[in-house]
Amino acid sequence: MGLGHEQGFGAPCLKCKDKCEGFELHFWRKICRNCKCGQEEHDVLTSNEEDRKVGKLFEDTKYTTLIAKLKNDGIPMYKRNVMILTNPVPAKKNISINTVTYEWAPPVQNQTLARQYMQMLPKEKQPVAGSEGAQYRKKQLAKQLPAHDQDPSKCHELSPNEVKQMEQFVKKYKNEALGVGDVKLPGEVETRATEKNNVNNGDRGTSAAVGAMEDKSPDWKASQYSCYRCKLNMKEGDPAVYAERAGYDKLWHPACFVCCTCSELLVDMIYFWKNGNLYCGRHYCDSEKPRCAGCDELIFSNEYTQAEGQNWHLKHFCCFDCDCVLAGEIYVMVNDKPVCKPCYVKNHAATCQGCHNAIDPEVQRVTYNNFNWHAICFLCSCCSKCLIGQKFMPVEGMVFCSVECKKKMMS
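The structure contained in this document is the topic of the report that follows. Small disclaimer: the values here were computed from a predicted structure and weren't measured.

### Considerations on the overall build of the protein
Right, so step 1: Scanning the protein for helices and strands turns up 9 helices and 17 strands.
Right, so step 2: Sorting the 411 residues of the protein into buried and exposed places 43% on the buried side.
Right, so step 3: For the protein, the share of sequence-separated contacts (at least 6 apart) that also reach a separation of at least 24 residues comes to 44%.
Right, so step 4: Counting every atom, the protein has about 22,600 Å² of accessible surface; 48% of that belongs to carbon and sulfur.

What follows is the structure, given as structure tokens:
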């Protein structure tokens, strides 16, 4: 089973800039071998790959209207609703045309409603082609809906039993949790809720539906509706997002339709509903299964280890620098990643201000501001008196036991 190592090969890193030689996928981690950043941090042209991933997610669900199958290979592709707005801009002598393309917009027939929805999102998160918002959407597609959370072929060396467990897990969340938000005016949602509850419950429905049946007036007051997340009232005429699995009595402001764990906008309004909360795909799966901190894949094996507050496949508790297995070995955590002792000394250890050698992680050291010393090297820079437990005077990386020593050295 392949991990798609040719995908994005050589793409520049948007985070590391020239420090990265170009994207090269690690053989089992979901990171670049050169700079250790994820693929989402690189300028990889992934629109087709992402459309295939979301298409596969919606396959065998009620959201098949959002996918189309390619004639040549039958692969389901996500039919993104791209919105192009053309606005005339008056110039000095004539009128020029300003075109704005949204790489994704809510699939509603009323374009005015879709435009209102977009304007209610933070400016930096509006997916206008070529903008910061488009880059944000691309990154969230990779983060919130990792392909290896739904497709066994994107995982590293799963056993036949693990593949079977994963397929059952994916089928279960598609049936029980997966949904796509819809954009409506609150009054429209309430009407639909009334109709649905009339069919399902005879004379009674939810409290929102009952209220609608009692008030036959076509006019509605914004104060009747409040956002499920921020609890503030909806403004009259503003669109709201609703999630079918949550029920028609719950509404969200467009900017409030976020994951309860990471608080990021749910990309393309794709949500997972569980215990009264909205989740993105990643954090829903995290709430159901342990995730390996090494390969970022969900763990379907009964045998795995826990270390440093994280879960790991047994074979993936490795040095983040050289990939040597750390079971029974000394390691140091660097930015929440385990590193073996030799790699730590070589690549990460602080340098002693006294002897200018790397400081072994197992020896005592002294730290002051951004300077470090072996404990045995923490001496007066003039007379070599040991300063452990003593008052000292720091001057540009040097330390002195007294004003006299400082004067001698500085003169």
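The rest of the description comes next.
### Description of the pattern of salt bridges
Opposite charge on two side chains allows them to pair when their charged atoms are near.
Right, so step 1: Applying the stated rule across the entire model yields 21 salt bridges.
Right, so step 2: A salt bridge links Lys-30 to Glu-297; the shortest N-O distance between them is 2.6 Å. Of this pair, Lys-30 sits in the segment before helix H1 (47-58) while Glu-297 sits in the loop between helix H7 (281-288) and strand S10 (304-307), and the two are 267 residues apart along the sequence.
Right, so step 3: Where Glu-49 meets Lys-154, a salt bridge forms, and the shortest distance between an N and an O atom there is 3.5 Å. Here Glu-49 is found in helix H1, whereas its partner Lys-154 is found in the loop between helix H3 (132-144) and helix H4 (160-176), with 105 residues between them in sequence.
Right, so step 4: Overall, the relative accessible area of 30% leaves Glu-49 in the partly exposed class.
Right, so step 5: Classification of Lys-154 as partly exposed rests on a relative accessible area of 27%.
Right, so step 6: Members of the salt-bridge network, linked through shared partners, are Glu-49, Arg-52 and Lys-154.

### Considering the nonpolar core
Right, so step 1: Formed by 62 residues in total, the largest nonpolar core has its most connected members in Phe-58, Trp-252, Phe-257 and Phe-272.
Right, so step 2: Ranked by residue count, the leading element in this core is H4, at 5 residues.
Right, so step 3: Residues within four places of Phe-272 in sequence aside, it is in contact with Leu-57, Leu-145, Tyr-173, Ala-177, Leu-178, Asn-277, Leu-278, Tyr-279, Cys-280, Gly-281 and Tyr-284.
Right, so step 4: Cys-319, Leu-326, Val-339 and Tyr-344 belong to the second-largest nonpolar core, a separate cluster that totals 15 residues.

### Observations regarding the packing of aromatic side chains
Each pair of aromatic rings is reported with the distance of its centres and the angle of its planes.
Right, so step 1: Summed over the entire model, instances satisfying the criterion amount to 22 aromatic pairs.
Right, so step 2: Their ring planes at 80 degrees and their centres at 6.2 Å tell us that Tyr-173 and Tyr-284 sit as a pair that is edge-to-face. A residue pair is termed long-range when its members are at least 10 positions apart, and Tyr-173 in helix H4 and Tyr-284 in helix H7 qualify at 111 residues. Across the pair, Tyr-284 and Tyr-173 agree in class, each one buried.
Right, so step 3: Summarising the aromatic geometry, the rings of Phe-257 and Tyr-271 are spaced 6.0 Å apart at their centres and angled 80 degrees between planes, so their arrangement reads as edge-to-face. In this pair, Phe-257 sits in the loop between strand S7 (240-242) and strand S8 (270-274) while Tyr-271 sits in strand S8, placing the two residues 14 residues apart along the sequence.
Right, so step 4: According to the relative accessible area criterion, Phe-257 is buried, its value standing at 2%.
Right, so step 5: Among the residues examined, Tyr-271 registers a relative accessible area of 0% and is labelled buried.
Right, so step 6: In this structure an aromatic cluster arises from ring pairing among Phe-169, Tyr-173, Phe-272, Tyr-279, Tyr-284 and Phe-300.
Right, so step 7: Between Lys-231 and the ring centre of Tyr-228, over which it is positioned, the NZ or CZ distance is 4.9 Å.

What counts and how
- Residues numbered from 1 in each chain as written.
- Predicted model: local features only at pLDDT ≥ 70, side-chain atom pairs only at ≥ 80, totals over all residues.
- Heavy atoms only, no water.
- Helix = DSSP H or I, 4+ residues; strand = E, 2+ residues; numbered from the N terminus.
- Buried < 20%, exposed > 50% of the residue type's maximum accessible area, 1.4 Å probe, protein only.
- Contact = heavy atoms within 4.5 Å.
- Areas by Shrake-Rupley, 256 points an atom, 1.4 Å probe, with all protein chains shown as cover.
- Salt bridge = Lys/Arg side-chain N within 4 Å of Asp/Glu carboxyl O.
- Core = buried A, V, L, I, M, F, W, Y, C linked by side-chain atoms within 4.5 Å.
- Phe/Tyr/Trp six-rings, centres within 6.5 Å; stacked < 30°, edge-to-face > 60°.
- Lys NZ or Arg CZ within 6 Å of the ring centre and 35° of its normal.

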